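# Structural features, examined
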Amino acid sequence: MQHEPPVQMEVKSNGHVETFDDYPVPGTQMVQYHLHPRGFGLAGELEDAPFQSRWSRSDYINSYLDTLADSGIPVISQLVEQFDIPTTAYIPAISRLNGVWYETNRLDRTMKIRGNANLTLQFEPLNSQVQVVAYLYDMKPSGMGTLITHAPFTLPVTQSGKAITLDFDLLATAYDVPQGHKLVLAIDTQDSSYGKLPDSKFKLKIKYHSGQQSVLKLPVL
């Protein structure tokens with residue numbers, strides 16, 4: 001009997017099951033987006049080109065309150081996903097004080113994400129510990145975002161004011177982002193699915209400089 005391919009992935013956006021002979025998925029290319037700071041508007045930008053400036057820029061966020069970006073209520077979110085009910089958030093309502101989000105231009109074609117997105121984040125903690133939660137969304141023109149994947153990263157011991165380069169993978173996923181939608185990367189400091197730090201009040205500074213690039217990488221077919 002012929003063996004099944006060893007890798008099977010269900011595409012979250014349509015429920016189809018795809019099979020592959022290996023992982024990382026053969027044929028994927030890592031598409032890079034550089035994080036650019038937010039200006040007077042709500043969002044920062046995800047750009048093909050690196051951030052270039054003679055002066056460094058910063059965005060500050062704190063952990064005093066959670067944002068609307070969330071992986072879903074534990075257990076309940078897993079149950080609703082079985083009925084093809086996605087985890088969503090209205091992206092423009094994400095607090096500027098407690099989080100930051102970055103968006104691409106509207107996609108000119110469908111983007112097929114297969115595997116682990118990776119985030120390199122340049123920041124400075126302003127306290128002795130810090131937690132970062134990253135969320136990747138598919139945002140409709142209405143501003144409503146569907147969660148594609150996410151991941152938390154906790155640093156229980158940090159030095160205030162010391163620059164950190166954080167590099168981590170988001171959870172593996174298979175998702176098709178439709179043409180005309182935007183990709184959104186949201187960052188905050190807490191999530192209902194994960195425990196909080198003992199010192200739940202902390203701040204961090206996300207840094208932007210030509211020599212310190214924060215980059216989102218996506219495995220795309």
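Scroll up to find the structure this text is about.
Since this is a predicted model, take the numbers as computed values, not measurements.

## Quick word on the pattern of salt bridges
Applying the stated criterion across every chain, the model contains six salt bridges. Across the pair D176 and R114 runs a salt bridge whose closest N-O atoms are separated by 2.8 Å. Within this pair, whereas D176 is found in strand β13 (residues 173–177), its partner R114 is found in strand β8 (residues 111–115), the two being separated by 62 residues in sequence. Judged by relative accessible area, which is 14%, D176 ranks as buried. Measuring nitrogen to oxygen at the nearest pair gives 3.0 Å for the salt bridge that ties K207 to E124. Residue K207 is located in strand β15 (residues 203–208), and its partner E124 is located in strand β9 (residues 118–125); the two are separated by 83 residues in the primary sequence. Taken as a pair, K207 and E124 share a single burial class, namely buried. Taken together, the salt bridges that share partners define one network made up of E18, R114 and D176.

## Let's talk about the nonpolar core
Judged by nonpolar contacts, the single largest core of 37 residues is most densely connected at L35, L119, I187, L216 and L218. Broken down by element, the residue count for this core peaks at four residues, all from strand β10 (residues 130–139). Contacts of L35, omitting those with residues within four sequence positions, involve E45, L46, F51, Y102, L119, L121, L185, I187, Y208, S214, V215 and L216. In terms of nonpolar packing, the next biggest core, distinct from the first, is built from twelve residues, A89, W101, Y135 and V184 among them.

## Some remarks on unusual backbone geometry
The omega torsion across Y23 and P24 is 5°, close enough to zero to call that bond cis. Within the element layout of this structure, P24 appears in the loop between β2 (17–20) and β3 (29–36).

## Digging into the pairing of strand β14 (residues 182–188)
Most of β14 sits out of view: seven of its seven residues are buried. Here β14 shows a buried face lined by K182, V184, A186 and D188 and a second buried face lined by L183, L185 and I187. The sheet contact formed by strand β7 (residues 100–103) and β14 spans four bridges and is antiparallel. When the sheet's bridge partners are listed, V100 is paired in β14 with I187. Pairing between β10 and β14: seven bridges, direction antiparallel. Following the sheet pairing, Y135 is matched in β14 by A186.

## Section: the packing of aromatic side chains
Each aromatic ring pair is specified by the distance between its two centres and by the angle formed by the two planes. By the definition in use, this model includes three aromatic pairs. On the basis of an interplanar angle of 45° and a centroid distance of 5.4 Å, the ring pair of F153 and F168 is categorised as tilted. One end of the pair, F153, is in strand β11 (residues 144–155); the other, F168, is in strand β12 (residues 164–169), and 15 residues separate them in sequence. The class of F153 is partly exposed, set by a relative accessible area of 27%. Overall, F168 belongs to the buried group, its relative accessible area being 5%.

Thresholds, definitions, all that
Residues numbered from 1 in each chain as written. Predicted model: local features only at pLDDT ≥ 70, side-chain atom pairs only at ≥ 80, totals over all residues. Heavy atoms only, no water. Salt bridge = Lys/Arg side-chain N within 4 Å of Asp/Glu carboxyl O. Helix = DSSP H or I, 4+ residues; strand = E, 2+ residues; numbered from the N terminus. Buried < 20%, exposed > 50% of the residue type's maximum accessible area, 1.4 Å probe, protein only. Core = buried A, V, L, I, M, F, W, Y, C linked by side-chain atoms within 4.5 Å. Contact = heavy atoms within 4.5 Å. Pairing = 2+ DSSP bridges. Phe/Tyr/Trp six-rings, centres within 6.5 Å; stacked < 30°, edge-to-face > 60°.

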